[in-house]
Structure formats: structure tokens, C-alpha cells
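Given next are the chains, with one letter for each unit.
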Amino acid sequence: MGYTPDLMELIKKVDKTRPARVERKKAGIEFQALTLDERRDRLEKYHPDFRPDALRELRVGPSKGYALAQEFADAFESRSRVDPDSIHLEEVHYETDVLVIGGGGAGTAAALIAQELGAKVIIATKLRHGDANTMMAEGGMQAATKGWKDSPYYHYLDVMGGGHFENDPELVKTMVTEAPKAIGWLEQLGCMFNKRPDGKLFTLHGAGTCRKRMHYAGDMTGAEIMRTLRDETRNRIKDIGVLEFSPAVELLMDDNGMCSGAVLYNLETEEYFLVKAKAVVMATGGSGRLHVQKFMTTNHYGATGDGLVMGYRLGVGVRFLHATQYHPTGAVFPEQAEGLLITEKVRGAGANLVNIDGEQFVFEREPRDIESASIIRECTKVGKGVPVPGQPGKFGVWLDSPMIDLLEGEGTVEREFPAKYILFKRYEIDISKVPMLIYPTLHYQNGGLAYESDGSTVVPGFYAAGEVGGGVHGANRLMGNSLLDITVFGRLAGESAGKFARERGDVGKLSVDHVRKYHKELEEAGIDTDRVSPMVLPDYGNPEVRKRQWTTTYVGTLR
Amino acid sequence: MSTAEQAELRGAEAASVEGAGRTDLVPIFIMGKRYNVPSTLTIQKAFEFAGYQLIRGCGCRGGICGACATVYRMPGSAKIHVGLACQTIVKPNMYLAMVPFFPANRAVYDLEELKPDAQTLLKYYPELAKCMGCNTCTKSCPMDIPVMEYISAALRGEIEKAADLSFPCVMCGICASRCPAELGQYNIGIMTRRITGRHVKPRAEHLQDMIQRIESGRYEEPLKKLMTADMETLRKLYVEREMEPHTADEMWEPEIKQFL
Ligand SMILES: Cc1cc2nc3c(=O)[nH]c(=O)nc-3n(C[C@H](O)[C@H](O)[C@H](O)COP(=O)(O)OP(=O)(O)OC[C@H]3O[C@@H](n4cnc5c(N)ncnc54)[C@H](O)[C@@H]3O)c2cc1C
Ligand code: SF4
Ligand code: SF4
Ligand code: FES
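Just so it is clear, the model here is predicted, and its values are computed rather than measured. Here the residue numbers are simple positions, counted from 1 along each chain's written sequence. The order in which chains are written sets their letters, starting at A; the order in which ligands are written sets their numbers, starting at 1. With the structure being a predicted model, the display of local features is reserved for residues of pLDDT at least 70 and the display and counting of side-chain atom pairs for 80 or more, all residues being used for whole-chain, interface and lining totals. Only heavy atoms go into the side-chain values, all of them from the structure, while hydrogens and water stay out.

### Concerning the site of ligand 2
(1) Moving on: Here, proximity means that at least one heavy atom of the residue falls within 4 Å of the molecule or strand. Taken together, Cys141, Pro142, Met143, Val147, Tyr150, Cys169, Val170, Met171, Cys172, Gly173, Cys175 and Tyr186 of chain B make up all the residues around ligand 2.
(2) Moving on: Of the residues assigned to the shell around ligand 2, the class counts are 11 nonpolar, one polar and no charged. Just so you know the grouping, Ala, Val, Leu, Ile, Met, Phe, Trp, Tyr, Cys and Pro go in nonpolar, Asp, Glu, Lys and Arg go in charged, and all remaining residues, Gly too, go in polar.

### Examining the pattern of salt bridges
Opposite charge on two side chains makes pairing possible when the charged atoms of those side chains draw close.
Residue and element names in this part refer to chain A.
(1) Moving on: Definition used for salt bridges: Asp or Glu carboxyl oxygen within 4 Å of a side-chain nitrogen of Lys or Arg. A complete count under the given rule lists 58 salt bridges over all chains for this structure.
(2) Moving on: Where Arg368 meets Glu344, a salt bridge forms, and the shortest distance between an N and an O atom there is 2.5 Å. Here Arg368 is found in helix H11 (residues 368–379), whereas its partner Glu344 is found in the loop between strand S14 (324–331) and helix H10 (345–348), with 24 residues between them in sequence. In this pair, the class of Arg368 matches that of Glu344, namely buried. Helix and strand labels come from DSSP, where a helix needs a run of H or I of at least four residues and a strand needs a run of E of at least two; each type is numbered from the N terminus. Relative accessibility under 20% of the residue-type maximum defines a buried residue, over 50% an exposed one, and the middle range a partly exposed one, all with a 1.4 Å probe and only protein chains included.

### Some points on the nonpolar core
(1) Moving on: For the purposes of this section, nonpolar cores are sets of buried Ala, Val, Leu, Ile, Met, Phe, Trp, Tyr and Cys residues that join through side-chain atoms within 4.5 Å. The biggest cluster of nonpolar side chains holds 153 residues, and the ones touching the most others in it are Phe76, Val98, Leu251, Trp398 and Phe462 of chain A.
(2) Moving on: The split of the chain into domains comes from an automatic or database domain assignment. Counting contributing residues per domain, this core is built from domain 1 (5–50 + 324–442) and domain 2 (80–323 + 446–508) of chain A, each supplying no fewer than three.
(3) Moving on: If you look at the next biggest cluster of nonpolar residues, it comprises 60 residues, including Leu89 of chain A together with Cys86, Met98 and Cys172 of chain B.

### Observations concerning the side chain of Asp231 of chain A
(1) Moving on: Here Asp231 of chain A lies in helix H8 (residues 221–235).
(2) Moving on: Classification of Asp231 of chain A by relative accessible area gives buried; the value is 2%.
(3) Moving on: In what follows, residue pairs with any heavy atoms lying within 4.5 Å of each other are defined as contacts. With sequence-adjacent residues up to four places away left out, Asp231 of chain A is seen in contact with Arg106, Tyr109, Ile190 and Arg194 of chain B.

### Description of the domain arrangement of chain B
Residue and element names in this part refer to chain B.
(1) Moving on: In terms of domains, chain B is made up of domain 1 (8–98) and domain 2 (111–200).
(2) Moving on: Distance between the C-alpha centres of domain 1 and domain 2: 31 Å.
(3) Moving on: Every contact between the two is made by 10 residues of domain 1 and, on the other side, eight residues of domain 2.
(4) Moving on: Of the roughly 670 Å² buried between domain 1 and domain 2 on both sides combined, carbon and sulfur atoms contribute 73%.
(5) Moving on: Linking domain 1 with domain 2 are zero salt bridges.
(6) Moving on: Contributing elements (two or more residues each) for the side of domain 1 that touches domain 2: strand S3 (69–73) and strand S4 (80–84).
(7) Moving on: Here the side of domain 1 that touches domain 2 takes four residues from S4, the largest share from any one element.
(8) Moving on: Of the residues assigned to the side of domain 1 that touches domain 2, the class counts are six nonpolar, four polar and no charged. Here the quantity called buried area is the accessible surface, traced with a 1.4 Å probe, that two parts lose on coming together, added over both.

### Things to note about the interface of chain B and chain A
(1) Moving on: Counting from both sides, the interface comprises 87 residues of chain B and, opposite them, 89 residues of chain A.
(2) Moving on: Of the roughly 7,900 Å² buried at the junction of chain B and chain A (both faces included), carbon and sulfur atoms supply 57%.
(3) Moving on: Three residues stand out in chain B for area buried against chain A, namely Phe167, His206 and Glu250 of chain B, and they jointly supply 9% of the buried area on that side.
(4) Moving on: Close ionic contact of Glu268 of chain A with Arg56 of chain B constitutes a salt bridge, the shortest N to O distance being 2.4 Å.
(5) Moving on: Counting of polar contacts relies on pairs of N or O atoms within 3.5 Å, with two restrictions inside protein: one atom must be capable of donating a hydrogen and the other of accepting it, and residues adjacent in sequence are counted only when both atoms are side-chain atoms. Remark: the boundary between chain B and chain A carries 39 residue pairs in polar contact (both at pLDDT 80 or more).
(6) Moving on: Breaking the side of chain B that touches chain A down by element, the ones donating at least two residues are helix H1 (3–17), helix H2 (43–50), helix H6 (159–166), helix H8 (185–200), helix H9 (205–215), helix H10 (220–228) and helix H11 (231–239) of chain B.
(7) Moving on: Looking at which element gives the most residues to the side of chain B that touches chain A, the answer is H9 of chain B, with seven residues.

### Digging into the sheet that holds strand S2 (residues 33–38) of chain B
Residue and element names in this part refer to chain B.
(1) Moving on: Paired strands are those between which DSSP finds at least two bridges. Here we have five strands laid out as an open sheet, ordered S2-S1-S5-S3-S4, and mixed in their pairing. What marks the edges here is a single partner per strand, and that holds for S2 and S4. Between one strand and the next, the sheet's axes are offset by a mean angle of 35 degrees, whatever the strand orientation.
(2) Moving on: Relative to strand S5 (residues 95–98), S3 runs antiparallel, the two being bridged by four bridges. Paired with Tyr72 across the strands is Leu96, a residue of S5. The angle between two axes is taken between their N-to-C directions and runs from 0 to 180 degrees, where each axis is a line fitted to C-alpha atoms and a helix contributes only its stretch in contact.

### Comments concerning the site of ligand 3
(1) Moving on: The environment of ligand 3 is made up of 13 residues, and the closest members are Cys131, Cys134, Asn135, Cys137 and Cys179 of chain B.
(2) Moving on: For the shell around ligand 3, the per-class residue count stands at nine nonpolar, four polar and no charged.

### Points about the domain arrangement of chain A
Residues and elements named next belong to chain A.
(1) Moving on: When its domains are assigned, chain A resolves into domain 1 (5–50 + 324–442) and domain 2 (80–323 + 446–508).
(2) Moving on: The distance between the C-alpha centroids of domain 1 and domain 2 comes to 33 Å.
(3) Moving on: Every contact between the two is made by 22 residues of domain 1 and, on the other side, 19 residues of domain 2.
(4) Moving on: Carbon and sulfur atoms supply 53% of the area that domain 1 and domain 2 bury against each other, a total of about 1,700 Å² over both sides.
(5) Moving on: Three residues stand out in domain 1 for area buried against domain 2, namely Thr324, Gln325 and Leu442, and they jointly supply 36% of the buried area on that side.
(6) Moving on: Inspection of the domain 1/domain 2 interface yields one salt bridge.
(7) Moving on: Here domain 1 and domain 2 share nine residue pairs in polar contact (both at pLDDT 80 or more) between them.

As C-alpha cells, then:
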């Protein structure tokens, strides 16, 4: 393994320019940062969101006329996976007070709080409970918890600035004022945040913060939160049931116009079944696996934007979905690590980005979107990208990690970035000696379903929480605010859903008329398509194998 | 021609058709059945290359969720190897199977009532006492966690040590699948971590202080001002906010204390 001979040859060019670059850095001479005007120009010319064919106006549904990425538009302008006429609405398989769709951080927090209000809860989730983007978050969780230097006031300003001041003020206020409580709740549940001996929580800066308020648990903060929440639901097994490998594909209404459950799909037996519920919390997370503009992604396998589609068909609009967050440094080599996040901290520690000739082409601490646009420019317009072996037409640039040891002393890379150091070591690449090949990668769905600060939406009985929702981060989320978002709004949505379920009388006659209506709208808009959504799982099958899948008719569940 | 020979031939053919330009296909045996896959793939991607649509055994695809535990053996050796399918690169002629689920004992408990001692753990997981110190768990952990050590620490009542040692556990379940004493090590591990987080580590007092400050309503007015401020004012306040230096001491204080 390791780099191919061709790449090793190219790395020599990086080695050659490195001593001079290190010297400049030591002397405090940085690559020229872009001016605000240049930044705008770079974004408009090279950021994927600004490509002329990037966005397309929706022709149906509550946000008709809103332009967003083709992949999203395709998902919205699709038919249901099930024919509404074939659903037996009188045959209900599960009944519960609150149905939570999605067993990630937001969903699990909602389930716990709803249960505390006396609700019986079902969590329906696509893969295993906890197989979610929440599990993958490494960096940390923001909250203003240190009264001698910080407050929700400053947190508010930071969130707004990060989101280009377009965020929903009410949502932001709720998030920053609930933040310390969210951390306190996790602490109470036994989350092992890094602490000083006196109990004081460690906090770090994140990009765009004016105070150090990023709380963390080692370099696996999300995993620590996720597994703790999951563990707690297992203690409440009497009241919280978890249905794994059972993604929801459509929502149910009743004849009083209230959301009343969902149609689930058993991935293993390929049958559909119904859950009737007095309130539903949508918490299906992000959509990196839609591979907007064919970009690779840092997201987990089940991040296919299902909740957006289900909620949209129900009549809930979307916002800030036009802005996609690309992380500038995703691994492109070796293939096994493709899309994997290389943390911003590597650039923070001084590593340059350089092209095929070993030349610097951008200041390494520009904001995420500028950095991404510059890398794309270098690989396209400028034509100085490094070809990715075995993947014709694909390019990357070098992230010169060996500089870090030269700047900060031997062993720094290994000490500061243990997870990535070990990972690349497995592929026989020593990132303290050779650079990493990287390219921007799809990271976060900035927008989503419109919801209020109590998690409610325009449809009674239907709540949304977490990455599936949009508004709190505006057009650009800052690192560490998402783990916060899901804990705060997961809890609030759980509380609202629990209360709603308690006060709601019996569920009326079940209906999927909203799906029929949506199909009709598609037809009226002249959208004649055999596309179906939600996607549920991405298709990474081998096309050559597919050509030999000759089955004409499904017999039983045998393909 | 024997079936094996034909399978091999089929492999060579696949190399020229599927691989277009790829001459690096190697045979692997998925649950005993031969497939020819590019030598650079992870086991997870090799499954997909072979034509599988993964449902079980695939979560984060990044080595942290523990969904893809895999066991394998190489020809000519009795040794059982383990790895995460999304992190392990195929080896020619490996015989492999995923273990996407393993039924380990999971106690139901009320965290508030737990104590950081061995008795508590033994009450919920009596099998803990049966550990025979064989070290199989440590040898089989894909995260290189000293599993037996955290189990013995737990048994000695060194809860915090068990918590720290087990911290990187991704709960893949391989240790439990191999344990002759039938322990579910990772469930015991998370119990020690939750006890540590809840009952051993001191509480963050500044956190409670801040919660009280917020509940006292002291930020309501300033926040309302921000929420209703026009764009220009907001931008100005944003640009002018005082920055805590990167190298500042923990107890650093800003000059402007009005909004704290
Ligand atoms: C690599 C990585 C690093 C990150 N680092 C940070 C960080 O340091 N700090 C930070 O704040 N944020 C970070 N984030 C972002 C953050 O982790 C996520 O935005 C957040 O965890 C989303 O939580 P969620 O509960 O909304 O969604 P998820 O945690 O993704 O959970 C959604 C769940 O819903 C399930 N699901 C999907 N579709 C269906 C369906 N149809 N039916 C039923 N279930 C379904 C999924 O399988 C999943 O279990 C990171 C993200 C990634 C990918
Ligand atoms: S301790 Fe056990 S469950 Fe945890 S990572 Fe190691 S083998 Fe997997
Ligand atoms: S495998 Fe089981 S018996 Fe052996 S050391 Fe580990 S816990 Fe003890
Ligand atoms: S898929 Fe998550 S660890 Fe392999």
C-alpha cells in the first residue's frame, strides 16, 4: 500500500518547496489572504453552490419556486415509494403516543424527554440505533458556560455572524440560552466531557467564536453523546421501543388534519407496516449521501435526506437548503479513506495547501467556503491539481502535514492528530513525513424543514429536530453548533410532542391523501417521472454486476 | 475443468471487463464464496464491488460506529483475525464473515442509584466474576483497547480507570463474541463510563451558575436588543466583539463585562 510510485514522484516537488515555505512561516510571512471583494468573486466563480446549473427551482410543494441543488429537487420531484392505494390503513401494526423517526442524537434526546413526560415512545430508525452523523462528530459542542468571560449574548453574535446574519433570530436565541442546560443534562446522564480536576469543563475555540466555548470528550464527542443517550433509552425499555432497520418512508395523517404516524419499511423482509401515533418527531438528520454535484461526503451511510422528502410531502416548507456546507479537506487517497474528514486543526497548526508543482495557491486559514472554492479553482481553471490514481478525471491538492513537525517539533502530528495518524499508518502513509491528498467534501446540510423554537411545524402533531431542520444556522453552520442544535431542539421537540400527545384525544381515521395530492401536483406540473423517494440507502452497487441481474420479476423477496 | 478453476478463470475475465484498466483484482472468500475484487478496497467496499447491497454491517463507513465487525482467516493458518470492514483492506485469499450483531447481556439500571464500586457492577453483571484472564478480548479488539485490563479494573472497583481504558470502544461486539466466559465487555465498559461521568468526576459548578444566570432573566433584554437590531448595528457589534486570545489563560476576562 502507501502512495503509488507516481505520487511519490510528485511528492518530491512538495518536499522541494517545503523548506522555504517553513522558513517563511517561521518569519511570520503568510500567503496573501483574499480581500472581501476577491472572496465574493472566488465564491461566485468556483463555489459549487454558484455553478450556473447548480440550483433548480422547485415546481411543486410548499416551497414551490425555491431554487436548490438538483439532487434535492430530484428527491422532492419524485413519487412515493409506495402506491398510496396499496396501503392498508386499517391494518395498524404498532400504536404509541410519540413516534420518533431517526435514532440519531436529536431523535434519541426527543424520545428520552417525551418519555419523562409520561409518553410511550417508539423510535423507528433506518440502520442500528446510533448509526448516525451524531456518532461521527469529533470536534465538540458549543455552549456559553463560563460566566466570567462568556454569555449567551456573545454566543448569539457568533452564531449570527457565522450564518451571514440570515439565521432565524428566535431559533438562535433559544439555542444559545438553552445551551448550558443541554450540557448539564448530558453531564447528568454521565457523558464524560473533558474536565479539570475541580470539575471545570475544558473548552476550546472554534472557527468564528470570540470565546473558547467548545466542550469536548476526547476526539469523539459525538460518539460519547450518542452512545450515552442510546444507553439511557435501553434503561427505559419499558416505555421506549426501538425498531431498527425500519426506515419511515411516508407519514400518516388523520381526518382531523393532524400527523398521526408513519409507514415504515422493514429493510430485511421488504414489507411495509404502519405505526399509529399521537405525535411524530422527524429527526432523520442530513443528506450527504445524495452526493450533491457528485461530491464525496463525510456523512454516514443512511444520510439520504429522507425526512426532508416526507415532511415536504406533508406540507412543511424548506429553508436554507440552497446552501450546502463543503468541508475543504476531505481525503481522496487512498480510496478507502475517500471523503473522510481531515480536521480544520491541521491547517490551524500551519500546514499549507499546495498544488502539483508544490506551490501554495491559497492562505490556509480562509473560511471553509473560500478554501473549498480555491481548491476547486486550482484543480479546474488553473489545472494544477494532482491526478487521483485509479480515478481518471479526479484531482486533489496536497495538504502539507509534514510542515507541522518542522514548525512545532518532531512528534507533533502524531500527538495532536492521533486518530488520523493511526488511520493513515494503516494504509502505510506516515502523514508526519508525507502530505495528504485532499479535495472538498460534502459535510453538512445547512438548511431543512421549517420549524419553530418548540420544534413544531405548520402541521399539528408533526415536529422536527436536528440536521433535518433549517433556520438556526442560516446559510452556514459553525463547528460545534450542530451537536448543540440537536441536543437543544431534540429535547424541546420531545417535550412538545409529549405534551401534544397527552392532550390529544383519539387519533381519527388514518389517511395518506397528502401523498395522493402530491402525486397529482406532480402530474399537473408536467413532471412525469419514475423517480421514487425517499432514497433510504445510496446505491454503491457494481454496475457490471447490475448488468447481470437479469431477474424480470420479483418472486417473494428473491431478487 | 474443476469449479475452482472455472471460478479463477471467471476472475481473470472479471479483471478485464469490470476493471477496465484495473489489473489488480485479488480473490477473497466472502462467507466461503469466491469473489475477485480490487486489492486496494476495504472489505466493506469489496462487498459492494462483489455486488452486495449492504443493509447490515454498514453505518458510519469511517471506523467509529462499530457496525461492521468482521472476522477472517488466512489460508494455512488457524489464527482468527478481526477488523472493522470499513477500515480493513482486503488481503488475497482471506476467508471472511461479518458479525454485524452479537447478542450480549445488557442490564437495565437506574444511573442515579449506582455506586462507583465493584459490588454495583457485579450486581448487574455477575458474569464479570467469571473472567478467566485469557486475554482473548484484548487480542481481538480492532481499536487496540486493553479490554481485559478494563474488565479487571472494573472487577477491582477501579471504575474511573475502567472508564478511561474503555473510552475509545466503538461497541462492535467482537470481544463479546470471542469471550469464553460470556461477558459483554462493552456493556460493562459503558456502565463504568456513565458512573464515572455521573458520580465520580466532580460536577462543573460554573455550568450551574450559568444556568441560574440565564433563568434569572439577566440576558433577556440584551438578547432582545440583538434580535431586533438592524443589520448594520448587528454587523458592527459582531466585528467589534472582543476576542479571547488563543493562548489566553482559562480565567481570562474580557474588558467589557456588561453582557456577561
Ligand atoms: C464527520 C462529521 C463530523 C462532525 N463534527 C461535528 C462537530 O465536531 N461538532 C458539531 O457540532 N457537529 C459536527 N458534525 C455535525 C453533526 O454531527 C450532525 O449535524 C448532527 O449530529 C446531526 O444529528 P441528527 O440527530 O440531526 O442526525 P443524525 O445523527 O444523522 O441521526 C439521524 C438518524 O436518522 C436515521 N434515519 C435517516 N433516515 C431515516 C428514515 N427514513 N427513517 C428512520 N430513520 C432514518 C439515520 O439512520 C440516523 O440514525 C459532524 C458531522 C460529521 C458527518
Ligand atoms: S472493547 Fe470490544 S466492543 Fe469495544 S471496540 Fe474493542 S472489541 Fe469492540
Ligand atoms: S475474553 Fe472474556 S474471559 Fe478472556 S480475558 Fe476477556 S473478558 Fe476475561
Ligand atoms: S461502518 Fe462504522 S465502524 Fe465500520
